[in-house]
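Here is what each chain is made of, one letter per residue.
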Amino acid sequence: MHGSRSRPVLPEATFRLLRESFHDRFGLWFGDDLRFLLELRLGPRLALHGLHDFGAYQRFLRLDPRGPSELFDAAEVLTTNETYFYREPEQLRVFERDILPALERDRGGPRRLRLLSAGCATGEEAYTLAALLLGSGRFEGWELEVHGVDLSRRCLARALAGAYGEHAFRSAEGQALRHWFHLEEGRWVVGDALRRMVHFGAANLLDGEGLPRAPIDVIFCRNVLLYFDPPARRQVLRHLHARLGEGGWLLLGHAESLLQLSADFESVHLERELIFRKPRASAGAP
Ligand SMILES: C[S@@+](CC[C@H](N)C(=O)[O-])C[C@H]1O[C@@H](n2cnc3c(N)ncnc32)[C@H](O)[C@@H]1O
């Protein structure tokens, strides 16, 4: 159905069916006020598949063999991929000053660290973490891995390419990280030192598919949970908890908390930052 405008109109009932699909598959939740967003961003996808209205699009997603792949592409145009180097600097300063020394102490036996940027978008967070590990000078000779996962294949391709514009380094601390990049035709291209450490892959945080199997020491999951509803947040947190090693750290975005979502983590106040840890199995044992 077309309105007076040339783009298709998304009726209320179809909006409800569509948002259920994104919720069930990815945990993303679109409140009633976001009907316009789906209408605007998904409209062009109808034409792409030769469909004339949103009802046909919704059936296409459900019944066509290309439906599952289209659901991914649609989620991609609906999600926010905003990110930049050294985002939320207060928290990263605490990470550098308090968490890195603790990791050096705790993991000095195996001399191995595995970090995860969950919902890494175009990769700036993962490269930031790799730069902080190397720049700290604490882990010479250690086996260091930073994994970046996201559901957006388009973002992951950009993360792998590792070439960024000036704007990606807009925070003051971010600018200093350019040290790990070199300029190529006006783009800052990631150097080998970071590239060797950072691995990107597709994962869905809701079902845990694609997350690294080996125990992780630190998970950054920032500015991702806020797009989910509480049941989906709980589910994601269960997966992240399962992937963390004992004593492993979880850092969320400033707008996010574990309040009423998970009792599986202990909280640690470092400066004004609230950070979470997976307790050691022996904690609380007699
Ligand atoms: C706003 S970005 C956050 C980037 C980075 N963590 C930061 O704080 O700067 C949110 C990312 O979460 C990803 N995302 C949303 N739902 C997801 C899911 N179910 N599984 C994996 N990634 C998801 C989106 O594709 C998007 O790239």
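Residues numbered from 1 in each chain as written. Predicted model: local features only at pLDDT ≥ 70, side-chain atom pairs only at ≥ 80, totals over all residues. Heavy atoms only, no water.

Draft legend 1. Here's a closer look at the site of the ligand. What surrounds the ligand is a group of 20 residues, the closest being Thr83, Arg87, Gly119, Asp150 and Asn223. Here an oxygen atom of the ligand sits 2.8 Å away from a polar atom, N or O, in the side chain of Arg87. Within the contact set of the ligand, a nitrogen atom lies 2.9 Å away from a backbone nitrogen or oxygen of Arg222. Split into classes, the residues belonging to the shell around the ligand amount to 8 nonpolar, 7 polar and 5 charged. (Near = heavy atom within 4 Å. Polar contact = N/O pair within 3.5 Å; in protein donor to acceptor, adjacent residues only side chain to side chain. Nonpolar A, V, L, I, M, F, W, Y, C, P; charged D, E, K, R; others polar.)

Draft legend 2. Molecular detail of the pattern of salt bridges. Overall, the coordinates contain 22 salt bridges when judged by the stated rule. The closest approach of N and O atoms between Glu70 and Arg45, which form a salt bridge, is 2.7 Å. Here Glu70, found in helix α4 (residues 67-78), pairs with Arg45, found in helix α2 (residues 35-48); they are 25 residues apart in sequence, far enough to count as distant. In this pair, the class of Glu70 matches that of Arg45, namely buried. As a salt-bridge pair, Asp98 and Arg97 come within 2.6 Å of each other at their nearest N and O atoms. Exposure remark for Arg97: the relative accessible area of 45% places this residue in the partly exposed category. One network of salt bridges, with partners in common, ties together Glu12, Arg16, Arg19, Asp32 and Arg35. (Salt bridge = Lys/Arg side-chain N within 4 Å of Asp/Glu carboxyl O. Helix = DSSP H or I, 4+ residues; strand = E, 2+ residues; numbered from the N terminus. Buried < 20%, exposed > 50% of the residue type's maximum accessible area, 1.4 Å probe, protein only.)

Draft legend 3. Fine view of the pairing of strand β5 (residues 187-190). Here strand β3 (residues 163-164) pairs with β5 via 2 bridges, running antiparallel. Bridge pairing in β5 links Ala163 to Val189. In this structure, the hairpin formed by strand β4 (residues 181-184) and β5 is closed by a connection of 2 residues, where Glu185 is found at a positive phi of approximately 50 degrees. (Pairing = 2+ DSSP bridges.)

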